[in-house]
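Each chain is listed here by its residues.
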Amino acid sequence: MSQASENTYVFDVTTANFEDAVLKASLTTPILVDFWASWCEPCKALSPLLDKLAAEYNGAFALAKVDVDAEQQIAAMFGIRSIPTVMLVKDGQVLDGFAGALPEGQLREFLSRHLQPLDAAEDDTPEPAAEIEAETPEGAINRLQQAIAAEPDTASLKLDLAVALMHAGRTDAAAAELDGLPANLSVDPRAVRLRSELELAKAAAGAPSAAELRARVEANPADAEARDQLGVRLLLEGDPAAGMDQWLELLKTQRDWNDGAAKKRLLAAFTTLNDAELVGRYRRKMASLLF
């Protein structure tokens, strides 16, 4: 059953049109992706609100509907764990998102953080961004700690602090802040990305050098641990394609090794990388091996 309405800016997504309708289209127009299912009652409450806002925003974003039962491949690529889940995709990457059926007021607040209706007056004053860009990691940490002291019940500030700690290289402190977040923030795209960054950093911390790992893989191509660690090293040291190739090889030859670690590594890489074309290419490669 289709969930797309007659709204010009709302459409159904399938595996066949996903690349063009979502990944490529998001290079020019942000795409709000709604993951739903026919049996999901909260989805039925959320859908008309999203349709209404898509019409109201008049093309500032397009609304893509993904039936997770019919399109399990797409849901798997995005690591969907519960529905409804909504993700905002821009330039081929997940920019933000939320889980659950938010009320209209919160939906408007979410959209306003990233978008303005096309018929709204344009006022793109950049001064706050300029200030943040000039801020040092430690300065951001200090500012956020002070803000949390003033507003201890504002959980989003704690997520901001976790991200700032990660940027400062303070992984243990970042992990502690992340673990302390309330459940409703656990699916926030920034939290998902941070969790992936922490997992990769942890894996790299105890790994041998890339040269040593490469030698081990060449000597024994079936050495799954070495191949996995080599993927992590290559990804974090600036060669993400070569790193992901290692996990694709594991997915091809030892899919179930270490509880499906290769798929988990690839999903973590997709979350952390900022190269839309590269991520899209490797999503397709992963999907071709899984389905």
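Just so we're clear, the structure is a prediction, and the values are computed from it rather than from any experiment.

Trainee: Looking at this structure, I do not really get the overall build of the protein chain. What am I missing?
Mentor: In terms of regular secondary structure, the protein chain is built from 14 helices and five strands. Taking 2.2 N^0.38 as the reference for a compact globule, 291 residues should give roughly 19 Å; the C-alpha atoms of the protein chain span a radius of gyration of 20 Å, in line with that estimate. C-alpha atoms of the protein chain, sized along the principal axes, occupy 60 × 50 × 30 Å. Taking all 291 residues of the protein chain together, the buried fraction comes to 45%. Accessible surface, the protein chain as shown: approximately 14700 Å² in total, 51% of it carbon and sulfur. Side chains of the protein chain give 28 positive and 46 negative charges; the mean places of these two sets differ by 6 Å.

Trainee: It is not clear to me how the confidence of the model for the protein chain should be interpreted in this structure. Could you clarify?
Mentor: Detailed conclusions should not be drawn from predicted coordinates in areas where pLDDT is low. For the protein chain, the mean per-residue pLDDT works out to 86, and 91% of the residues sit at or above 70. Ignoring residues within four places in sequence, the model shows residues 120-133, a span with pLDDT below 50, making zero contacts including any to other chains.

Trainee: When you look at the pairing of strand E3 (residues 62-67) in this model, what are you seeing that I'm missing?
Mentor: Successive side chains on a regular strand alternate, one facing one side of the sheet and the next facing the other. Among the six residues of E3, six are classified as buried, and the element is accordingly described as predominantly covered. The side-chain alternation of E3 yields two buried faces, one formed by Ala 62, Ala 64 and Val 66 and the other by Leu 63, Lys 65 and Asp 67. Pairing geometry for strand E1 (residues 10-12) and E3, over three bridges, is parallel. Following the sheet pairing, Val 10 is matched in E3 by Leu 63. By the bridge criterion, six bridges tie strand E2 (residues 31-36) to E3 in an arrangement that is parallel. Within E3, the position partnered with Leu 32 by the bridge is Leu 63. Handedness of the β-α-β unit built from E2, helix H2 (residues 41-56) and E3 comes out right-handed.

Trainee: It is not clear to me how the pattern of salt bridges should be interpreted in this structure. Could you clarify?
Mentor: Between side chains of opposite charge, a pair can form when the charged atoms approach closely. One pass over the structure, following the stated rule, counts 20 salt bridges. Close ionic contact of Glu 19 with Arg 284 constitutes a salt bridge, the shortest N to O distance being 2.9 Å. Taken together, the residues Glu 19 in helix H1 (residues 18-24) and Arg 284 in helix H14 (residues 276-290) connect sequence positions 265 residues apart. Accessibility expressed as a relative area gives 36% for Arg 284, which makes it partly exposed. Measuring nitrogen to oxygen at the nearest pair gives 3.5 Å for the salt bridge that ties Lys 24 to Asp 20.

Trainee: When you look at the environment of Glu 19 in this model, what are you seeing that I'm missing?
Mentor: Judged by relative accessible area, Glu 19 falls into the partly exposed class, the value being 26%. For the pair formed by Glu 19 and Val 163, sequence separation is 144 residues and the distance between their alpha carbons is 30 Å. Ignoring anything within four residues of it in the chain, the contact list for Glu 19 reads Lys 24 and Arg 284.

Trainee: Just checking my understanding: could you explain the packing of helix H7 (residues 155-167) against helix H8 (residues 171-179) for this structure?
Mentor: The geometry of a pair of packed helices is captured by two quantities: the angle between their axes and the separation between those axes. Axis separation between H7 and H8 bottoms out at 8 Å; the angle between their running directions is 160 degrees. Regarding the angle of H7 to H8, the classification is roughly antiparallel. Classified by chirality, the crossing of H8 by H7 is left-handed. In this structure, H7 uses Lys 158, Leu 161, Ala 162, Leu 165 and Met 166 to contact H8, whose residues at the interface are Thr 171, Ala 173, Ala 174, Glu 177 and Leu 178.

Trainee: Even after reading the chapter, I still don't get the environment of Leu 159, so can you show me in this structure?
Mentor: Here Leu 159 is to be found in helix H7. Spatially, the C-alpha atoms of Leu 159 and Arg 190 are 7.9 Å apart, while their sequence positions differ by 31 residues. If near-sequence neighbours (up to four positions away) are discounted, Leu 159 is found in contact with Leu 181, Leu 185, Asp 188, Arg 190 and Ala 191.

Trainee: Would you explain the nonpolar core in this entry?
Mentor: What tends to happen in soluble globular proteins is that the nonpolar side chains get buried as a cluster. Of all hydrophobic cores here, the largest spans 47 residues; its most connected members are Phe 35, Phe 78, Met 244, Trp 247 and Met 286. Residues contacting Phe 35, with those up to four places away along its chain left out, are Cys 43, Val 66, Val 68, Ile 74, Ala 75, Phe 78, Ile 80, Ile 83, Pro 84, Thr 85 and Met 87. Listed in part, the 20 residues of the second largest apolar core include Ala 140, Ile 148, Leu 157 and Leu 198.

Trainee: So what exactly am I meant to see when it comes to the side chain of Lys 65 here?
Mentor: Topologically, Lys 65 is positioned in strand E3. Residue Lys 65 is classed as buried on the basis of its relative accessible area of 1%. A polar side-chain atom of Lys 65 sits 2.9 Å from a polar atom in the side chain of Ser 47.

Trainee: Explanation requested: the pairing of strand E5 (residues 93-99) in the structure shown.
Mentor: For strand E4 (residues 85-90) and E5, the ladder comprises six bridges, and the chain directions are antiparallel. Residue pairing across strands places Thr 85 opposite Ala 99, the latter belonging to E5. Hairpin connection between E4 and E5: a loop of two residues separates the two successive antiparallel strands, and Asp 91 in this loop has a positive phi of roughly 55 degrees.

Trainee: What should I look at first to understand the layout of surface pockets in this one?
Mentor: If a probe the size of a water molecule is rolled over the atoms, the empty space left behind becomes visible. Looking at the second largest pocket, its volume works out to about 160 Å³. Lining of the second largest pocket is provided by Ala 175, Leu 178, Arg 195, Leu 198, Glu 199, Lys 202, Ala 203 and Arg 265. Only H8 and helix H9 (189-205) provide two or more residues apiece to the lining of the second largest pocket. The greatest single-element share of the lining of the second largest pocket, amounting to five residues, is contributed by H9. Residues that form the lining of the second largest pocket fall into these classes: four nonpolar, no polar and four charged.

Reading guide: rules and limits
One numbering rule holds for all chains: residues counted from 1, following each sequence as written. Since the coordinates come from a predicted model, pLDDT governs what is reported: local features require at least 70, and pairs of side-chain atoms require 80 or more to be given and counted, while whole-chain, interface and lining totals use all residues. Computation of side-chain values: all heavy atoms of the structure, hydrogens and water removed. The way it works is that DSSP assigns letters per residue, a run of H or I at least four long becomes a helix, a run of E at least two long becomes a strand, and they are numbered from the N terminus. Our radius of gyration is a C-alpha quantity, and the globule rule it is checked against amounts to 2.2 Å times the number of residues to the power 0.38. Relative accessibility decides the category of a residue: with a 1.4 Å probe and only protein chains considered, values under 20% of the type maximum give buried, values over 50% give exposed, and everything between is partly exposed. Every accessible area reported is derived by Shrake-Rupley at a probe size of 1.4 Å, with residue values counting cover from the shown protein chains alone. Under the counting rule used here, the positive set is Lys and Arg, the negative set is Asp and Glu, and His together with the chain ends is not counted. In this description, the location of a charge corresponds to atom NZ of lysine, CZ of arginine, CG of aspartate or CD of glutamate. pLDDT expresses, on a scale from 0 to 100, how confident the predictor is about each individual residue. Here, two residues are considered to be in contact whenever any of their heavy atoms come within 4.5 Å of each other. Each pair of strands is called paired provided DSSP finds at least two bridges between the two strands. With the strands pointing away from the viewer, any crossover whose connection runs clockwise from the first strand over the helix to the second is right-handed. For salt bridges, the criterion is a side-chain nitrogen of Lys or Arg within 4 Å of an Asp or Glu carboxyl oxygen. Between the N-to-C directions of two axes lies an angle of 0 to 180 degrees, each axis being a line fitted to C-alpha atoms and, for a helix, fitted only over the stretch in contact. Every angle not falling under 35 degrees, over 145, or within 65 to 115 is termed oblique; those three ranges are roughly parallel, roughly antiparallel and roughly perpendicular. Working rule for handedness: look at the near helix, and if it is turned counterclockwise from the far one by less than a right angle, call the crossing left-handed; if clockwise, right-handed. Nonpolar cores were defined as sets of buried Ala, Val, Leu, Ile, Met, Phe, Trp, Tyr and Cys residues, with membership established by side-chain atoms within 4.5 Å. A 3.5 Å cut-off defines polar contacts: any pair of N or O atoms within that distance qualifies, except that in protein one atom must be a possible hydrogen donor and the other a possible acceptor, and neighbouring residues in sequence count only when both atoms are side-chain atoms. Each cavity reported here is a set of points on a 1 Å grid over the protein atoms alone in which a 1.4 Å probe fits but cannot get out, each pocket an open set with protein on both sides within 12 Å along at least five of seven lines, and each lining residue one with an atom within 4 Å of a point. Grid points are joined across faces, edges and corners, and a volume is the space filled by probe spheres set on the points. When residues are grouped by polarity, Ala, Val, Leu, Ile, Met, Phe, Trp, Tyr, Cys and Pro land in nonpolar, Asp, Glu, Lys and Arg in charged, and all others, Gly among them, in polar.

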